[in-house]
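# Fold and geometry: a report
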Amino acid sequence: MGIEREISEQLHALVDRPMNFMHVCGTHEASIARSGLRSVLPPMMKIVMGPGCPVCITPAGEIDAALELAADGVTIATYGDLMRVPGSQESLESCGGDVRIVQGIHKAVEIAGRVKNEVVFVSVGFETTAPTVAAAIRAEPPKNFSILSYHRLVPPAMEWLLTQGEAKLHGFILPGHVCTVSGYHEYERFPVPQVVAGFEPEEILLGFLMLAQIVRQGEVGVRNAYPKAVSRDGNVKAMALMHRVFEPCDVEWRGFPVIPASGLRLRDEFGEYDALRKFGIAIKKVTKKTACICDRVLRGIADPSDCPLFGRACTPARPIGPCMVSHEGACRIWHTYHVGGRK
Amino acid sequence: MCIAIPGEVIEIRDNIGVVDFGDLKQEVRLDLVDVNVGDFVLVHVGFAIQRLSREEGLETRELFREVMAAMED
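Predicted model only: the values in this text are computed from it and were never measured.

Calculation rules
Residues numbered from 1 in each chain as written. Chains lettered and ligands numbered in written order. Predicted model: local features only at pLDDT ≥ 70, side-chain atom pairs only at ≥ 80, totals over all residues. Heavy atoms only, no water. Helix = DSSP H or I, 4+ residues; strand = E, 2+ residues; numbered from the N terminus. Buried < 20%, exposed > 50% of the residue type's maximum accessible area, 1.4 Å probe, protein only. Areas by Shrake-Rupley, 256 points an atom, 1.4 Å probe, with all protein chains shown as cover. Lys, Arg positive; Asp, Glu negative; His and termini not counted. Charge placed at Lys NZ, Arg CZ, Asp CG, Glu CD. Salt bridge = Lys/Arg side-chain N within 4 Å of Asp/Glu carboxyl O. Axes fitted to C-alpha atoms, helices over the stretch in contact; angles between N-to-C directions. Left-handed = near helix turned anticlockwise from the far one by under 90°. Contact = heavy atoms within 4.5 Å. Nonpolar A, V, L, I, M, F, W, Y, C, P; charged D, E, K, R; others polar. Pairing = 2+ DSSP bridges. Disulfide = S-S within 2.5 Å.

## Describing the overall build of chain A
- Per the secondary structure count, chain A includes 13 helices and eleven strands.
- For the C-alpha atoms alone, the extent of chain A along its principal axes is close to 65 × 45 × 35 Å.
- A buried classification covers 61% of the 343 residues belonging to chain A.
- In the structure as shown, chain A presents an accessible area of about 13,100 Å², 51% of it carried by carbon and sulfur atoms.
- Of the charged side chains in chain A, 37 are positive and 37 negative, and the gap between their average positions amounts to 3 Å.

Right under this line is the structure:
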């Protein structure tokens, strides 16, 4: 008997009450949707995706700041996933400026070494990614290089979700690769069942089983279902480097209000690499009225298929909301794997 | 965004390693990890973000058995 089926049978035996679990990782959602995992879950178990896609939670005002620099002739470098994310008027892809897709920050630094023009790296990502940026900044990149630091930290957003309580959650699947770097000790303060899970379908299923166990035992706390990559303390060297270069700051997440200490900005010592300071620009608050419900999808209180635009006006070819843009966005993933049908 | 791929470090020069992903070999930055040739690492946006522990590398099946055994205790 396949291990997935064995785990699934145990899960059916355990889930005797409503259990709503949230994961906060686009890679988890992609694996769940691609493998059709929701179809083997017990009827009383529901899995929703929270704010687990760094591209999706980047507010339009932050995209606008990058567009402003591109319009001024600055060379922009960033991850491919960010290219089509809508700002208030246009996206990096449609803006007509010098915008280049890179694998990571080190490639953007290489570009800066080859050209005279100012090069700005649009830097998104959670704890998995921020230390790579810290490493590059510590290595003293050329003077014509700087970054827009749009990093976000996962625990403050989880805290917001738990305080808010609108999603009525019984537990969290913690993001495996965020925890690979950050460890999971920071999550132990949350009085809710949590399991760190890997990314293969059977690893995620095992994570669900362990979560259901904690719920059934009436306990809270963190268990680790991804020990080959994740330890309680994570990658201490990477986290120390991140804290050495960045300090926490209050930032807005798309779909959320300003969440205290949930962002990262460069410390004063590294201010010359901060594009906001270097070019004297500010992030503007953008409010745009559309029928798009990405905000509610990101908070785990609506499914992509609840949106009137999903699969109709909003498709991967012509995305309206950020969750349809990114390969890690819930709407894009559901559309690609035909999850949820069209309402 | 947080996709990370495992591979084996087959060469190291300063802070750059060559990692064998099976069907692809690629240069990877090693700034965030202390590794030796032969170690397995997880690679994300061109950087190794963690060394994979072989001792802790329990297969899902073994982990499942442990979880079930613990539940029966």
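## Comments concerning the pattern of salt bridges
Residue and element names in this part refer to chain A.
- Across all of its chains, the model carries 28 salt bridges over all chains by this definition.
- Measuring nitrogen to oxygen at the nearest pair gives 3.7 Å for the salt bridge that ties K46 to D303. On the criterion of sequence distance, the pair formed by K46 in strand β2 (residues 45–49) and D303 in the loop between α11 (294–298) and α12 (322–325) is long-range, its members being 257 residues apart.
- Since its relative accessible area comes to 40%, K46 is described here as partly exposed.
- We note a salt bridge from D233 to R232, for which the minimum N-O separation is 3.7 Å.
- On the basis of relative accessibility, which here comes to 40%, the residue D233 falls in the partly exposed class.
- Classification of R232 as partly exposed rests on a relative accessible area of 41%.

## Re the packing of helix α5 (residues 130–138) of chain A against helix α9 (residues 236–245) of chain A
All names here are of chain A.
- One can describe the packing of α5 onto α9 by two numbers: an axis separation of 8 Å at closest approach and a directional angle of 60 degrees. The interaxial crossing formed by α5 with α9 has left-handed handedness. Residues A130, P131, A134, A135, I137 and R138 of α5 form the contact with α9, whose participating residues are A238, L241, M242, R244 and V245.
- Its residues assigned to classes, the contact of α5 with α9 comprises nine nonpolar, no polar and two charged.

## A closer look at the sheet that holds strand β9 (residues 221–224) of chain A
Residues and elements named next belong to chain A.
- Taken together, the five strands give an open sheet; going across it, the order is β2-β1-β7-β8-β9, and neighbouring strands pair in parallel fashion. Because the sheet does not close on itself, it has two edges, and the strands there are β2 and β9. The average undirected angle you get between the axes of adjacent strands in this sheet is 25 degrees.
- Sheet topology note: the strand β1 (residues 19–23)/strand β7 (residues 171–174) ladder contains three bridges and is parallel. Pairing of H23 across the sheet is with I173, part of β7.

## With respect to unusual backbone geometry
- At E140 of chain A, a position not held by glycine, the phi torsion is positive, near 50 degrees.
- With respect to the helices, strands and loops of the structure, E140 of chain A is situated in the loop between α5 and β6 (145–151).
- Backbone geometry at D14 of chain B places phi at a positive 50 degrees, although glycine is not the residue there.
- The topology assignment puts D14 of chain B in the loop between β1 (5–13) and β2 (16–20).
- Under the relative-accessibility criterion, D14 of chain B is labelled exposed at 76%.

## A closer look at the state of the cysteines
Residue and element names in this part refer to chain A.
- Tallied over the entire structure, the rule returns one disulfide over all chains.
- Linked covalently through their sulfurs, C53 and C56 form a disulfide whose S-S length is 2.4 Å. With the S-S bond torsion at 70 degrees, the cross-link from C53 to C56 turns out right-handed. Judged on exposure class, the residue C53 and its partner C56 are both buried.
- Left without a disulfide partner, C95 is nearest to the cysteine sulfur of C56, which lies 20 Å away.

Geometric values such as these leave the question of function open.
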